[in-house]
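Close look at the chain arrangement
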Amino acid sequence: MLGKIQDIFSQSIQTQIAAAEMLPNGLEKVANRIVTCLLGGNKVIVCGDGRSYANAQLLVGNLLHRYDFERPSLAACLLHFDGLFSSYLAQDEQTARRYCKQLNAVAKEGDLFIVFSPFGNEQAVLNVINSAKDRNLDICAFTSSRNDHTQGLLSEQDLEISMPSINESRIIEGHHFCINLLCELVDHLLFYSN
């Protein structure tokens with residue numbers, strides 16, 4: 001059992017080392033895109049499907065409430081799939097479009113759409129990315145090495161943070177780290193930058 005534990009730590013560390021080499025420029029661009037969006041009076045709309053829903057919640061919670069210190073709330077919106085809303089969509093057999101209606105109701109030009117998609121092949125995520133493109137939203141996709149489906153949807157102006165792993169657990173924990181890093185950068189840019 002100790003060997004398995006050490007292997008999991010090693011996998012996680014190796015993923016973080018690879019990410020530290022590959023992702024800093026992209027993460028800086030995402031932080032600047034978030035700040036530009038917020039300073040322009042717009043909002044950050046966030047979506048995550050399956051196990052990535054927790055990461056989407058974390059990002060929105062950090063923006064709305066705080067990260068490291070007390071500050072004003074930042075405009076953020078979580079696309080969700082729970083409660084009565086999920087029952088309606090399941091009843092109408094529209095679960096593959098579960099985030100599209102919400103996005104279309106809240107999004108306006110100038111908003112930033114951030115999506116967490118570990119494998120890039122989740123149909124609900126692909127559908128909402130298409131909806132975001134139809135609404136001319138800037139998109140930032142948090143994906144992985146298995147992102148062929150998502151890559152085909154993103155344009156040159158869109159940003160992709162591709163975690164260098166094919167293991168879902170390592171991808172999700174890497175995305176979680178990136179969220180914390182981004183929130184720290186956004187707070188710094190908005191409240192401490194000269």
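Residues numbered from 1 in each chain as written. Predicted model: local features only at pLDDT ≥ 70, side-chain atom pairs only at ≥ 80, totals over all residues. Heavy atoms only, no water.

Per an unreviewed UniProt entry, the recorded name for the protein is D-sedoheptulose 7-phosphate isomerase, and the organism is Nicoletella semolina.

A short note on the sheet that holds strand β2 (residues 76-78)
Across the sheet, 5 strands lie side by side as β2-β1-β3-β4-β5; this open sheet has parallel pairing. Looking at which strands have only one partner, the edges of the open sheet turn out to be β2 and β5 (159-163). Strand after strand, the sheet turns through a mean of 15° between neighbouring axes, direction not considered. Looking at chain direction, strand β1 (residues 44-48) and β2 are connected through 3 bridges and run parallel. Across the sheet, the residue bridging to valine 46 is leucine 78, located in β2. Docked against the sheet, helix α6 (residues 123-134) engages β1, β3 (112-116) and β4 (138-144), running at close to 170° with respect to β3. (Pairing = 2+ DSSP bridges. Helix = DSSP H or I, 4+ residues; strand = E, 2+ residues; numbered from the N terminus. Axes fitted to C-alpha atoms, helices over the stretch in contact; angles between N-to-C directions. Contact = heavy atoms within 4.5 Å.)

A look at the pattern of salt bridges
Scanning the model with the defined rule gives 7 salt bridges in all. For the salt bridge of glutamate 168 with arginine 51, the shortest nitrogen-to-oxygen distance reads 3.3 Å. Of the two residues, glutamate 168 is situated in helix α8 (residues 168-191) and arginine 51 in the loop between β1 and α3 (53-64); the sequence distance between them amounts to 117 residues. One salt bridge connects aspartate 158 with lysine 133, and the closest N-O pair in it is separated by 2.8 Å. Of this pair, aspartate 158 sits in the loop between α7 (148-151) and β5 while lysine 133 is found in helix α6, placing the two residues 25 residues apart along the sequence. (Salt bridge = Lys/Arg side-chain N within 4 Å of Asp/Glu carboxyl O.)

Examining the packing of helix α1 (residues 2-22) against α8
At a minimum axis distance of 10 Å, the contact between α1 and α8 shows a crossing angle of 50°. Here α1 lies oblique to α8, going by the angle between them. As for the relative orientation of α1 and α8, their crossing is right-handed in sense. Judged by residue contacts, Ile8, Gln11, Ser12, Thr15 and Gln16 of α1 engage Arg170, Glu173, Gly174 and Phe177 from α8. Residue composition of the contact of α1 with α8, by class: 2 nonpolar, 5 polar and 2 charged. (Parallel < 35°, antiparallel > 145°, perpendicular 65-115°, else oblique. Left-handed = near helix turned anticlockwise from the far one by under 90°. Nonpolar A, V, L, I, M, F, W, Y, C, P; charged D, E, K, R; others polar.)

What to know about the packing of helix α2 (residues 24-39) against α8
Remark: α2 packs on α8, axes separated minimally by 9 Å, with the N-to-C direction vectors making an angle of 50°. Taken together, α2 and α8 sit at an angle that is classed as oblique. In this structure, α2 crosses over α8, and the sense of that crossing is right-handed. Note on element contacts: α8 touches α2 through Cys178, Leu181, Leu182, Leu185, Val186, Leu189 and Leu190, opposite Leu27, Val30, Ala31, Asn32, Ile34, Val35, Leu38 and Leu39.

Here we look at the pairing of β3
Both faces of the sheet carry side chains from a regular strand, because those side chains alternate between them. Most of β3 sits out of view: 5 of its 5 residues are buried. Along β3, one buried face is formed by Leu112, Ile114 and Phe116 and the opposite face, lined by Phe113 and Val115, is buried too. Alignment of β1 against β3, held across 5 bridges, turns out to be parallel. In the strand pairing of β3, valine 44 is matched with leucine 112. Bridge count for β3 against β4 is 5 bridges, and the pairing is parallel. Bridged to isoleucine 114 within β4 is cysteine 140. Once you follow β3 into α6 and on to β4, the crossover reads as right-handed. (Buried < 20%, exposed > 50% of the residue type's maximum accessible area, 1.4 Å probe, protein only. Right-handed = clockwise from strand over helix to strand, strands pointing away.)

With respect to the packing of aromatic side chains
This model, assessed by the stated rule, comprises 3 aromatic pairs. Seen in terms of ring centroids, phenylalanine 69 and phenylalanine 191 are 5.9 Å apart; in terms of plane orientation they differ by 90°. Their pairing is edge-to-face. Here phenylalanine 69, found in the loop between α3 and β2, pairs with phenylalanine 191, found in helix α8; they are 122 residues apart in sequence, far enough to count as distant. Aromatic side chains phenylalanine 69 and tyrosine 192 sit 5.4 Å apart centroid to centroid with 70° between the ring planes, which places their arrangement in the edge-to-face category. Taken together, the residues phenylalanine 69 in the loop between α3 and β2 and tyrosine 192 in the segment after α8 connect sequence positions 123 residues apart. An aromatic cluster is defined as three or more aromatic residues linked by ring pairs; in this entry it consists of Phe69, Phe191 and Tyr192. (Phe/Tyr/Trp six-rings, centres within 6.5 Å; stacked < 30°, edge-to-face > 60°.)

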